[in-house]
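Per-entry structural report
Listed here are the chains, written in short residue letters.
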Amino acid sequence: MKIADKNISAEKMVREALDKAKKYSGYNIFTFLNEENAIKKAREIDEKIARGEEVGRLAGVPYALKDNFLSPDGQTTASAHILEGFVSPVTATAVKKLEDEGAIMIGRTNMDAFAHGSSTENSYYGPTSNAHDCERVAGGSSGGSAVAVALGIVEFATGTDTGGSIRQPASFNGVYGLKPTYGTISRYGVVAMASSTDCIGFFTKTPDDMDLLMEVTSGQDPKDMTTLPDYYNNTKGMPTEGAKIGVIKDFDNNSVHPGIRKALAQKVELLKSKGHEIVELTMPVLKYALAAYYIIVPAEIASNLSRYDGVRYGFRAKGSEDLDALYKNTRSEGFMPENKRRIMIGNFVLSSGFYDAYFLKAAKARTLIVQEYEKAFERCDYILSPVTPNPAFKLGEKTDDPVDMYLGDIMTVPLNLAGIPGLTVPAGKTESGLAIGLQLVGPRRSDKNLIRFSKELQDE
Ligand code: GLN
């Protein structure tokens, strides 16, 4: 990662990043540009360097922040109307750790409102375009962050992944995107979607940059009871030679785009040529993951979104004569249709008459998915699979068909239900020039080795 030194000043790097952000404004990547503050912070770093003082490991590195991370710089809206005008009094732990090392946030990135979506089309601020084809989606929900890195505006960007929101846009735009093991990075100060599957992670251009960001941000946080003790910085490196790589037979079928199947086959050959062993896996339980996910996650969404009532945060609807009307009008006007759909589904599956039939069943399926991966990792070290069945689709192509949109998440959501890490690794392009990514999956707490092993997928 480009770290500020005496040759490249932090101010110059930040100004360049801001200029690029403006040059690419047509992609609708940013919901806010942090111009004044970013330049001020960069100057402070340059002054420190000039005085010979020590600076952090990310000193002067410009980065982009997904709009659901709380920080006092600009409004935190999660790209939702209902949070418009909300300036956070607190800073997310992940943001604090990055900035303590000198990273400089140049802007907040566009996303599906409250991270509900797979295309960044559900944003109050309109969709973001794909880095390789303006008429196609950026992917989502962290679409803005993925495109900001893919176009070289910033060195890295933050994301959240509840069911694929880092891995899928990383794949659609040709960059690295990591969803760590659940509990690796504190969720404190990040707008909650589904608390049992939400993960904080990053977009980068290289595995080494990803590793550095993980070193900086992972670890236990007293403000997030679900964080794990710091295993990341205490991981013993596994030898990268002679690994066993699982390939899931169930995913290798005609519903996967031929370009993606070809890329997977090529990488399998590459791994074999480097002395790794390929293990065929059948994982029939994974076909229930999508249904389980779209029951469990909306249930948690319905609970987490109940706090937005027009009283405490952001937007409040005008002309409401009593408290009930205030809630109703604010929520009706403030949420996007996809947010409302999930609140409805969530409350339905949790309701007393349907809890056993839906939520409880989904929770049981989740346990089976966890066990299915445990069994698989007895036979292999990592699993290699597509990230999505198809590359980036056209803007508007799926907006009228939410179920079709959900179906694209089939290969990413099982990891969130199981709490295991997954890294999107760029794997070339389709014949028509769209980015392809493959997903490298490991057991819980294998994140560091997973990142190291991903270098084996690079062509020499
Ligand atoms: N596309 C998935 C969904 O819509 C994942 C979203 C996410 O990871 N935030 O739920």
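Residues numbered from 1 in each chain as written. Predicted model: local features only at pLDDT ≥ 70, side-chain atom pairs only at ≥ 80, totals over all residues. Heavy atoms only, no water.

Topic: the side chain of T197
Short version of the rule: Helix numbers and strand numbers start at the N terminus; a helix is a DSSP run of H or I with at least 4 residues, a strand a run of E with at least 2. Polar contacts, as used here, are pairs of N or O atoms within 3.5 Å; protein pairs need one atom able to donate a hydrogen and one able to accept it. Residues neighboring in sequence count only if both atoms are side-chain atoms. In this description, contact between two residues means that some pair of their heavy atoms is separated by no more than 4.5 Å.
Among the secondary structure elements, T197 is positioned in the loop between β5 (176-179) and β6 (199-204). In this structure the side chain of T197 is engaged in a polar contact, spanning 3.0 Å, whose partner is the backbone oxygen of T162. Those residues in contact with T197 that sit more than four places away from it in its chain are D161, T162, Y182, V297, E300, R366, N416 and L417.

Digging into the sheet that holds strand β8 (residues 277-281)
Stated precisely, the cut-off is as follows: Strand pairing is assigned whenever DSSP identifies at least 2 bridges connecting the two strands. Angles run from 0 to 180 degrees between N-to-C directions of axes, and those axes are lines fitted to C-alpha atoms, restricted for helices to the stretch in contact.
One open sheet holds the 11 strands; their spatial order is β1-β3-β2-β4-β6-β5-β10-β11-β9-β7-β8, and the pairing between them is mixed. A strand with exactly one partner marks an edge of an open sheet, and here the two such strands are β1 (30-33) and β8. The average angle at which neighbouring strand axes cross in this sheet is 30°, direction not considered. Where strand β7 (residues 244-248) and strand β9 (residues 382-386) come together, 3 bridges link them in parallel fashion. The residue of β9 that forms the bridge with I245 is Y382. Sheet strands touched by helix α6 (residues 207-217): β4 (156-161), β5, β6 and β10 (422-429). Its angle to β6, the strand with the most contacts, is close to 145°.

Section: the pattern of salt bridges
Pairing between side chains becomes possible if they bear opposite charge and their charged atoms approach one another. What counts, and what does not: Salt bridge criterion: a side-chain nitrogen from Lys or Arg within 4 Å of a carboxyl oxygen from Asp or Glu. Partly exposed describes any residue whose relative accessible area lies between the buried limit of under 20% and the exposed limit of over 50%, with all areas from a 1.4 Å probe on protein chains only and scaled to the type maximum.
Scanning all chains against the criterion turns up 24 salt bridges. The residue E11 makes a salt bridge to R43 at a minimum N-O spacing of 3.2 Å. Of the two residues, E11 sits in helix α1 (residues 10-23) while R43 sits in helix α2 (residues 35-50), which places them 32 residues apart along the sequence. Classification of R43 by relative accessible area gives partly exposed; the value is 40%. A salt bridge links K41 to D73; the nearest nitrogen and oxygen atoms lie 3.2 Å apart.

Comments concerning the environment of A418
Following the sequence through the fold, A418 ends up in helix α13 (residues 413-418). Between the C-alpha atoms of A418 and I369, which are 49 residues apart in sequence, the distance is 6.5 Å. Discounting chain neighbours no more than four positions away, the residues touching A418 are V370, Y373 and R444.

Brief notes about the site of the ligand
The criterion, for reference: Residue proximity to a molecule or strand is established when one non-hydrogen atom of the residue lies within 4 Å of it. All accessibility values rest on the Shrake-Rupley procedure with a 1.4 Å probe; residue burial counts only the protein chains present in the view. In the cavity and pocket records, a cavity denotes points on a 1 Å grid over the protein atoms alone where a 1.4 Å probe fits but cannot get out, a pocket denotes an open set with protein on both sides within 12 Å along at least 5 of 7 lines, and lining residues are residues with an atom within 4 Å of a point. Any molecule with more than half of its atoms within 2 Å of a cavity's or pocket's grid points is counted as sitting in it. Residues are grouped as follows: Ala, Val, Leu, Ile, Met, Phe, Trp, Tyr, Cys and Pro are nonpolar; Asp, Glu, Lys and Arg are charged; every other residue, Gly included, is polar.
Surveying the vicinity of the ligand reveals 14 residues, the closest of which are T162, G163, S165, Y293 and R342. Y294 is positioned with one of its side-chain polar atoms (N or O) 3.2 Å from an oxygen atom of the ligand. Notes on the ligand: free accessible area 290 Å², of which the protein chains cover 99%. Under a 2 Å grid-point criterion requiring more than half of the atoms, the pocket assigned to the ligand is the largest cavity. Here the residues of the shell around the ligand are counted per class, giving 4 nonpolar, 7 polar and 3 charged.

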